[in-house]
Each structure stands twice: as C-alpha cells, then as structure tokens.
Amino acid sequence: GQILSFNSKGEQVWSYDYAGKMIDRVAFAADGTVAVAFSTGAQGQSQVCVIDASGKEAAAIVTDNKIRYLDTYSGKFAYNRGKSIVVCEQGGKDLYSITANKDLRELVLFADAARAAGVSSATFDILEVK
C-alpha cells in the first residue's frame, strides 16, 4: 500500500501511501519525480498522481478513462484521455491535448516533451505533441 523511495545508500527517503488503489502504470523522471496511474473503486475510475522528488503529491488528476500509457519527461507528463494525448505540467495543469489517429498502447516523450514515440497494435509512430 505504499511507494517507497530510497537513496543510493539504501536509506529510505520518503513513502507515499496509496492504500485502496491499484497501480496501473508508473513513469520515472531523471529529477526523481514519479508519475503513477492508479485504478480506484469498482466504477473503473483512474487517477494520475505526480509525486515530486521529496515525496509530496504535486498533482492528482481523476479521469473516467483507463490509463493505457503514462510517461514523464522534461518537467511534463503525458497520459491518455480516451483517444487524446494529454500533456500536463508536473503540477497537473493541462498544457495541451491532441487527438491520436490510432489507438496507442504506449507513449514515450522525448525532445523536451515536444515529441513522442507512440506504439499501436501494428505501428510505431513519431508524433509531435507540442
């Protein structure tokens, strides 16, 4: 029921309690930020939480859609809202959203989160998401 963070010496730095939720996706950033997609309740609601390097929740976004992909890079994170790709700042503010013309299974941000590699059931695409 907790996410634990350890430093390079093996000492626990922080913990984040997520009791009652199931982890669907996790994305790690180089600065120590973690984006986590949770399933909550029997209604299938999903929640995306961003936990900063000190273990504090920086953002919590509730969505009715199942989170199929989640990535964080360069101070931003991206996830799916239906067929749309939503890119947010780490504080949770939506920056922009684009509609994907394919049903993506995975998405990886790169190039300062201006581009993404998207994987569908049969293709691999480079997308401009900024």
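Here the structure is a predicted model, which is why all the values come from computation and not from measurement.

Definitions and limits used
- Residues numbered from 1 in each chain as written.
- Predicted model: local features only at pLDDT ≥ 70, side-chain atom pairs only at ≥ 80, totals over all residues.
- Heavy atoms only, no water.
- Helix = DSSP H or I, 4+ residues; strand = E, 2+ residues; numbered from the N terminus.
- Rg over C-alpha atoms; globule rule 2.2 N^0.38 Å.
- Buried < 20%, exposed > 50% of the residue type's maximum accessible area, 1.4 Å probe, protein only.
- Areas by Shrake-Rupley, 256 points an atom, 1.4 Å probe, with all protein chains shown as cover.
- Lys, Arg positive; Asp, Glu negative; His and termini not counted.
- Charge placed at Lys NZ, Arg CZ, Asp CG, Glu CD.
- Polar contact = N/O pair within 3.5 Å; in protein donor to acceptor, adjacent residues only side chain to side chain.
- Contact = heavy atoms within 4.5 Å.
- Pairing = 2+ DSSP bridges.
- Axes fitted to C-alpha atoms, helices over the stretch in contact; angles between N-to-C directions.

Asks: So what exactly am I meant to see when it comes to the overall build of the protein chain here?
Replies: In terms of regular secondary structure, the protein chain is built from zero helices and 13 strands. Relative to the 2.2 N^0.38 estimate, which gives 14 Å for 130 residues, the radius of gyration of the protein chain is 15 Å and therefore close to what a compact globule would have. Projecting the C-alpha coordinates of the protein chain onto the three principal axes gives extents of approximately 45 × 35 × 25 Å. Residue burial in the protein chain is summarised as follows: out of 130 residues, 42% are buried. As presented, the protein chain carries roughly 7,000 Å² of accessible surface, and 49% of it is formed by carbon and sulfur atoms. Side chains of the protein chain give 14 positive and 15 negative charges; the mean places of these two sets differ by 4 Å.

Asks: Help me out: how do you make sense of the side chain of Asn 80 in this one?
Replies: Examined against the element boundaries, Asn 80 turns out to sit in strand β8 (residues 76-81). What makes Asn 80 buried here is its relative accessible area of 0%. At 3.0 Å, the side chain of Asn 80 and the backbone oxygen of Lys 66 are in polar contact. Polar side-chain contacts of Asn 80 include one of 3.3 Å to the backbone nitrogen of Tyr 69. Among all residues touching Asn 80, those that are not within four sequence positions of it are Lys 66, Ile 67, Arg 68 and Tyr 69.

Asks: Any chance you could explain the sheet that holds strand β6 (residues 57-63) here in plain terms?
Replies: Either a parallel or an antiparallel arrangement is found when strands of a sheet pair, and the pairing is made through backbone hydrogen bonds. Pairing in this open sheet of four strands is antiparallel, and the strands run β3-β4-β5-β6 from one edge to the other. In the strand order of this sheet, the two ends are held by β3 (21-28) and β6, each with one partner. When the angles between neighbouring strand axes are averaged without regard to direction, this sheet yields 20°.

Asks: How do you make sense of the environment of Ala 122 when you look at a structure like this?
Replies: Within the secondary structure, Ala 122 is located in the loop between β12 (115-119) and β13 (124-128). Given the relative accessible area of 70%, Ala 122 is considered exposed. Counting along the chain gives 59 residues from Ala 122 to Thr 63, while the straight-line C-alpha distance between them is 27 Å.

Asks: What should I look at first to understand the side chain of Thr 33 in this one?
Replies: Positionally, Thr 33 belongs in the loop between β3 and β4 (34-40). Within polar-contact distance, the side chain of Thr 33 engages the side chain of Asp 31 at 2.8 Å. If we skip the residues at most four places from it in the chain, Thr 33 touches Ala 27, Phe 28, Val 50, Ile 51, Asp 52, Ala 53 and Gln 90.

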